[in-house]
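# Structural characterization, general
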Number of protein chains: 2
Amino acid sequence: MISVLKRFLIGRPLKSHELGEQKLNKTKALAILSSDALSSVAYGPEQILIVLITVSSAAFWYSIPIAVGVLILLTALILSYRQIIFAYPHGGGAYVVSKSNLGVNPGLVAGGSLLVDYILTVSVSVSAGTDAITSAFPTLHQYNVGIAIAFVIFITLLNLRGVTESASILAYPVYLFVVALFILIGVGLYHIVTGGVSPQLHTPLGTPVAGLSLFILLKAFASGSSALTGVEAISNAIPNFKDPAPKNAAKTLMAMGALLAVLFSGIVFLAYYYGISPNAEVTVVSQIAEETFGRNFMYFFIQGTTALILILAANTGYSAFPLLAVNLAKDKFIPRMFLIRGDRLGYSNGIIILGIASIILILAFKAETESLIPLYAIGVFLPFTLSQSGMMVKWLREKPQGWVPKFIINTTGALISLVVTLMFLITKFSQVWSILIFLPIIVYLFHRIRKHYDAVGDQLRLTTCEPLMPIEGNVLIVPVAGMTNVVANSINYAKSLSQDQIIAVYVSFERDDEKNFEEKWKKWQPDVRLVTLHSHYRSIINPLTKFVDIIEHKASEANYRVTVIIPQFIPKKGWHNILHNQSSLLIRAYLLFRRNVIITTVPYHLKK
Amino acid sequence: MISVLKRFLIGRPLKSHELGEQKLNKTKALAILSSDALSSVAYGPEQILIVLITVSSAAFWYSIPIAVGVLILLTALILSYRQIIFAYPHGGGAYVVSKSNLGVNPGLVAGGSLLVDYILTVSVSVSAGTDAITSAFPTLHQYNVGIAIAFVIFITLLNLRGVTESASILAYPVYLFVVALFILIGVGLYHIVTGGVSPQLHTPLGTPVAGLSLFILLKAFASGSSALTGVEAISNAIPNFKDPAPKNAAKTLMAMGALLAVLFSGIVFLAYYYGISPNAEVTVVSQIAEETFGRNFMYFFIQGTTALILILAANTGYSAFPLLAVNLAKDKFIPRMFLIRGDRLGYSNGIIILGIASIILILAFKAETESLIPLYAIGVFLPFTLSQSGMMVKWLREKPQGWVPKFIINTTGALISLVVTLMFLITKFSQVWSILIFLPIIVYLFHRIRKHYDAVGDQLRLTTCEPLMPIEGNVLIVPVAGMTNVVANSINYAKSLSQDQIIAVYVSFERDDEKNFEEKWKKWQPDVRLVTLHSHYRSIINPLTKFVDIIEHKASEANYRVTVIIPQFIPKKGWHNILHNQSSLLIRAYLLFRRNVIITTVPYHLKK
């Protein structure tokens, strides 16, 4: 039943050698890995205006120089990540770069930060997309949480089906969004060039603005930089590309950078020229679309694709999180289970954990995750800064031919990223202070996990090639509850293993019962020693454990092992299980975890 | 940790021979077993008036003859249950009486009906009591569900502590309520006798009322009879009484009947004489109290004790449900776990299941359980009818000395109960139809469970006194994941059991790896045969299961048993478990439930 459902939801299992077919070409990779970055265009320009309006709408012209700053940062980041792709062709992005060049702890800060960030990406973008949809259909607004969770489950299942399949489906809406924005920008520029838009709508560039401080400008710049979240995703996901993976990844990254630059500057320019003011009810992109087209088909087309891309931005998290987790798990900083490939060859544990964590966040914030956006932005720019600094160190240390321009690119990127990070920390401290608490905790946990794995490795390692000292013999303890076929079966098995050291143990709740049982037993199994224990408190486990302790103590002195043989009913139908007390399960768990005894379970399959 | 918490919540475990100290004297028994019946006084009279007002307030005088009818029914029920107590001194009430005299199915209908009814009792009375409290403090109203659940948990814990302890605590509010109502009735009657109440307030007895049909009168009678729910509880709980249990139970029953009769007729009379009309906002008892005392201390005293008794009515369910469940479990109609006495000698599984089921109902109905009251009433009167009919059959069959008056009492009770049952079915069909569906389902489930237990019994019974044919030998399969101390430990154990038939199985995911492993193995364990299986789908379970199948097939032909020896990490700290994939657990569960092999778990206790 469950396996049929699983097959229906995620498809037939794939053989390991089919992995090559699960690689992405550039068109699909661009779609699924850039959805996060491209979707930022839908809110990045708005973020700049929201800061500037706190001074006055006359300050809106500053959005143009600020956008130029963002474009410079974008260029530095793209060029820099291109260098990272070739330098670290196995992926891992900021984590691997920082770890290799700056040391383990900076690497863990970058990795932990991104890990949490991808969870935030999924929650924030799905919540935002859901909000965009339910804004159009207000009666659905009360079901926001449910709808958002349904989307997360849908995207999780798509990703469990495998990366190529999800890419085939998700590529359409991403390209539709790009096309929609291109048309919007194209038509908007045409209107401006043909004089269809009044130049009175905006303040000319260079108009002096009273009360504008450098702090406000930097804050606006930092807010606008939130449009750059997601550019690191490709560097994490290199192993998902078709061969030659690094080359394809680099080309995809450049294409994404170009698209992002055109769309971002187009939207900023139109918003400035149209003199659009941010508004809690209607987004900036929506206002531009209304100005450009009026409320016709194109307007709704842009609204619809924007909502979709916001939801699909989550998919970038699904592509990057599992691969980052693999890198951390390989280094033993997170549980080993993240290394396992699922039925469809994706790292399914990573995908599932990401889905569950996002659903928990959506539930905790009731799908109102706007307050998480600054946290999410700082969680990206911190790894940006670390990875660029890592590259700086790398060039300084290795000094390969022509390293100077590369060093300059990374230094520029590192400095701007650092400024953005600090601006977020300073200007939005009330929303991002928690990162100062949870990042150290995460890094501490990473170290604890690594320490445990190292300790286990030490304990498991064979220190000598010679086999262990052989065991002298075994004592077999068989708890018996009566004289039934099940008990006969267990005793019979015990006899086949050893003839001498079998002890049947009977726990009685009533004194009268004991003698009677012992007499019957003598007749039934004269060659098996019976020990009767009395239980005052109607517990089987306590007297049995005490008895096992005594035997185990004696046995270990003689290098004997103690095995407890427990019969277990296997009912024919699942629901029958609640009809049996299954004390065998309790006894087994208790003895196995608390005592040094071996537990043998002899199944007794009921036939009806 | 858990055991400390448990001890704090429910107290130290009791030895089995301390059971005698857990018996109730009459005063305490009256308090905890009659709280349900006595609490009905708080709403029973009101139910009559709610039906009569549908005609006109002139019809209120009919509440007097209807109350006389209810008193006759009460007398018949009390006398009849008194006879049941002496005839069936081991308790079980309606279930045992119906089963013994009418047959298994009527018994199961009565038992199933009461079982569900006690769950309804708890949910309905706790919800009603919570409502009474939050009506006084309207800001708490939004927390109704939480408060109701907290009360259920509190009463569950009290009952887990043991019946005497809960009785000691719960007796006070019950007697306070009785005293409060006695004062109310006394003062009210004094006012009437001294002429302090205008006789104009009520219509004189015998006033003709237009539009009053027999149907309405019967409906009013049925509604008023809901005050009699709970009178059967004592007959179910005889084993909780101090010796001589039946005699003490009978006396307690008579005392409860007398109290109930006095309080019920007092409230009905005062309501009639004061001309009180039912009101959605204020209860009838509250109106009488206000008329009698004004809004002084006594008024709030009566309100408070009424709210408390409504909540404590739930406790009757806790006393009767576990004992009824014991009777059904003894006859193998419900799971055996209901027979187990907990640490404090109560039937704790019954208590816990009742608590959980009630919480689920409260959650499902969001603590608005009024619509369940008719269902709850019919669920009591159906067993009433069946048990009285059962007694009729008993007297007719056995004809002991002086059986005729006894037969008349039971016949009267049976007839009136039947009428009430039918009235509920007819007049409130829209609220009680579900009983016609779920009762047959419950009875069907009872039979299914019984059938399973019988089948298991047949399979377990030793049909011969001779031991089974001895097992010829054992094949030991050891799945190995590498060459580590854990594997060495398991192989060592296998060797100590048998020298010949050990097979180590290695599941490889990559072809290159296999040869390498086999060579190393030969050097390390030259005397243990290694079989390497290749897994295309990265699953260990599938290839291992196929291999086990082949071995098991061969082994069973030669009367050999197959044992799979699985090593299991036991980490030092609980949280370490998530760091290990624990595939051993999955393998164990799969093989144990699906295949006829014995599973031996060799623990490997990690030291750090």
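## Side note on the confidence of the model for chain A
Residue and element names in this part refer to chain A.
- Summary statistics for chain A give a mean pLDDT of 87 and a share of 99% for residues scoring 70 or more.
- No element of chain A has a lower mean pLDDT than helix H1 (residues 2-10), at 77, and none a higher one than helix H11 (residues 245-273), at 94.
- Scoring of the predicted complex yields 0.78 for pTM and 0.79 for ipTM.

## Regarding the nonpolar core
- Of all hydrophobic cores here, the largest spans 149 residues; its most connected members are Leu 184, Ile 288 and Leu 328 of chain A.
- Take this core: its biggest share by element is 17 residues, from helix H13 (residues 297-330) of chain A.
- Those residues in contact with Leu 328 of chain A that lie beyond four places of it in its chain are Tyr 95, Leu 108, Gly 111, Leu 115, Phe 333, Ile 334 and Phe 446 of chain A.
- Among the nonpolar cores identified, the runner-up in size contains 145 residues, and Ala 29, Tyr 43, Val 231 and Met 298 of chain B belong to it.

## Description of the sheet that holds strand S1 (residues 473-480) of chain B
- Taking strand neighbours across the sheet as the criterion, the 10 strands line up as S3(A)-S2(A)-S1(A)-S4(A)-S5(A)-S5(B)-S4(B)-S1(B)-S2(B)-S3(B) in an open arrangement whose pairing is mixed. Of all strands in the sheet, those bounded by a partner on one side alone are strand S3 (529-534) of chain A together with strand S3 (529-534) of chain B. Strand-to-strand twist of the sheet, defined as the mean angle between neighbouring strand axes without regard to direction, takes the value 25 degrees.
- Running over the sheet, helix H19 (residues 485-497) of chain B touches strand S1 (473-480), strand S4 (560-570) and strand S5 (598-605) of chain A together with S1, strand S2 (502-508), strand S4 (560-570) and strand S5 (598-605) of chain B and is turned about 135 degrees from S5 of chain B.

## Observations concerning the relation of the copies chain A and chain B
- Structural alignment of chain A on chain B gives an RMSD of 0.1 Å, achieved by rotating through 179 degrees and translating 0.1 Å along the axis. Expressed as an axis order, the relation between the two copies is that of a two-fold axis. In terms of C-alpha distance to the rotation axis, chain A has Thr 600 of chain A as its closest residue, with the C-alpha 2.0 Å off the axis.
- Mapped onto chain B, 100% of the interface residues of chain A again fall at the interface, so both copies present the same surface.

## Focus on the pairing of S4 of chain A
Residue and element names in this part refer to chain A.
- Where burial is concerned, most of S4 is hidden: nine out of the 11 residues are buried.
- Across five bridges, the pairing between S1 and S4 is parallel. Looking at the pairing, Asn 474 lines up with Arg 561 of S4.
- As judged from the eight bridges shared by S4 and S5, these two strands associate in the parallel manner. Opposite Thr 563, over in S5, you have Ile 598 as the bridge partner.

## Section: the side chain of Thr 121 of chain B
All names here are of chain B.
- On the secondary structure map, Thr 121 appears in helix H6 (residues 104-136).
- When its relative accessible area of 2% is taken as the criterion, Thr 121 is described as buried.
- Here Thr 121 is in contact with Asp 36, Val 126, Ala 313 and Tyr 376, once residues within four sequence places are set aside.

## Re the environment of Ser 198 of chain B
- Inspection of the secondary structure puts Ser 198 of chain B in the loop between helix H8 (163-193) and helix H9 (214-225).
- For the pair formed by Ser 198 of chain B and Ile 66 of chain B, sequence separation is 132 residues and the distance between their alpha carbons is 23 Å.

## Side note on the packing of aromatic side chains
- Summed over the entire model, instances satisfying the criterion amount to 24 aromatic pairs over all chains.
- Ring geometry for Trp 61 of chain A versus Tyr 62 of chain A: centroids 3.9 Å apart, planes at 25 degrees, classification stacked.
- In this structure Trp 61 of chain A comes out as buried when scored by relative accessible area, which is 10%.
- Taking the centre distance of 5.8 Å and the plane angle of 65 degrees together, the rings of Tyr 81 of chain B and Phe 384 of chain B count as edge-to-face.

## Some thoughts on the interface of chain A and chain B
- Tallying the contact residues gives 72 residues for chain A and 72 residues for chain B.
- The three residues of chain A that bury the most area against chain B are Gln 459, Arg 538 and Leu 579 of chain A, which together make up 10% of that side's buried surface.
- Looking at the side of chain A that touches chain B, the elements that each hand over two or more residues are helix H18 (434-460), helix H19 (485-497), S4, helix H22 (583-594) and S5 of chain A.
- Taken together, the residues that form the side of chain A that touches chain B break down as 38 nonpolar, 20 polar and 14 charged.
- Relative to S5 of chain B, S5 of chain A runs antiparallel, the two being bridged by three bridges. The residue of S5 of chain B that forms the bridge with Thr 600 of chain A is Thr 600 of chain B.

## Considering the pattern of salt bridges
- As enumerated under the stated definition, the model contains 16 salt bridges over all chains in all.
- The partner of Lys 394 of chain A in a salt bridge is Glu 398 of chain A, with the nearest N and O atoms 3.3 Å apart. With Lys 394 of chain A and Glu 398 of chain A both in helix H15 (residues 373-398) and four residues apart, the pair spans about one turn of that helix.
- Judged by its relative accessible area of 47%, Glu 398 of chain A falls in the partly exposed class.
- Between Lys 99 of chain B and Asp 331 of chain B there is a salt bridge, and its shortest N-O distance comes to 2.5 Å. Remark: Asp 331 of chain B occurs in the loop between helix H13 (297-330) and helix H14 (348-364) and Lys 99 of chain B occurs in helix H5 (residues 93-102); sequence separation between them is 232 residues.

## Side note on H19 of chain B
Residues and elements named next belong to chain B.
- Taking 1.5 Å of rise per residue, the 13 residues of H19 would be expected to cover 18 Å, and the 19 Å separating its terminal C-alpha atoms lies within 8% of that figure.
- In terms of residue burial, H19 counts as a mostly covered element, since 12 of its 13 residues are buried.
- Buried within H19 we find Asn 485, Val 486, Val 487, Ala 488, Asn 489, Ser 490, Ile 491, Asn 492, Tyr 493, Ala 494, Lys 495 and Leu 497.

## Some remarks on the environment of Trp 395 of chain B
- Looking at the secondary structure, you find Trp 395 of chain B in helix H15 (residues 373-398).
- With residues up to four places along the chain from it excluded, the contact list for Trp 395 of chain B reads Gln 83, Pro 400, Trp 403, Lys 406, Phe 407 and Asn 410 of chain B.

## What to know about the packing of helix H5 (residues 93-102) of chain A against helix H6 (residues 104-136) of chain A
Residues and elements named next belong to chain A.
- Viewed as axis vectors pointing N to C, H5 and H6 meet at an angle of 170 degrees, and their least axial separation amounts to 6 Å. When the axis of H5 is compared with that of H6, the two are roughly antiparallel. For the pair formed by H5 and H6, the contact residues are Ala 94, Tyr 95, Ser 98, Lys 99 and Leu 102 on the first element and Val 104, Pro 106, Gly 107, Leu 108, Ala 110, Gly 111 and Leu 114 on the second.
- The residue inventory of the contact of H5 with H6, partitioned by class, reads eight nonpolar, three polar and one charged.

What counts as what
Residues numbered from 1 in each chain as written. Chains lettered and ligands numbered in written order. Predicted model: local features only at pLDDT ≥ 70, side-chain atom pairs only at ≥ 80, totals over all residues. Heavy atoms only, no water. pLDDT = per-residue confidence, 0-100. Helix = DSSP H or I, 4+ residues; strand = E, 2+ residues; numbered from the N terminus. Core = buried A, V, L, I, M, F, W, Y, C linked by side-chain atoms within 4.5 Å. Buried < 20%, exposed > 50% of the residue type's maximum accessible area, 1.4 Å probe, protein only. Contact = heavy atoms within 4.5 Å. Pairing = 2+ DSSP bridges. Axes fitted to C-alpha atoms, helices over the stretch in contact; angles between N-to-C directions. Least-squares fit on C-alpha atoms with pLDDT ≥ 70 in both. Phe/Tyr/Trp six-rings, centres within 6.5 Å; stacked < 30°, edge-to-face > 60°. Buried area = accessible area lost by both parts, 1.4 Å probe. Nonpolar A, V, L, I, M, F, W, Y, C, P; charged D, E, K, R; others polar. Salt bridge = Lys/Arg side-chain N within 4 Å of Asp/Glu carboxyl O. Expected span 1.5 Å × (residues − 1). Parallel < 35°, antiparallel > 145°, perpendicular 65-115°, else oblique.

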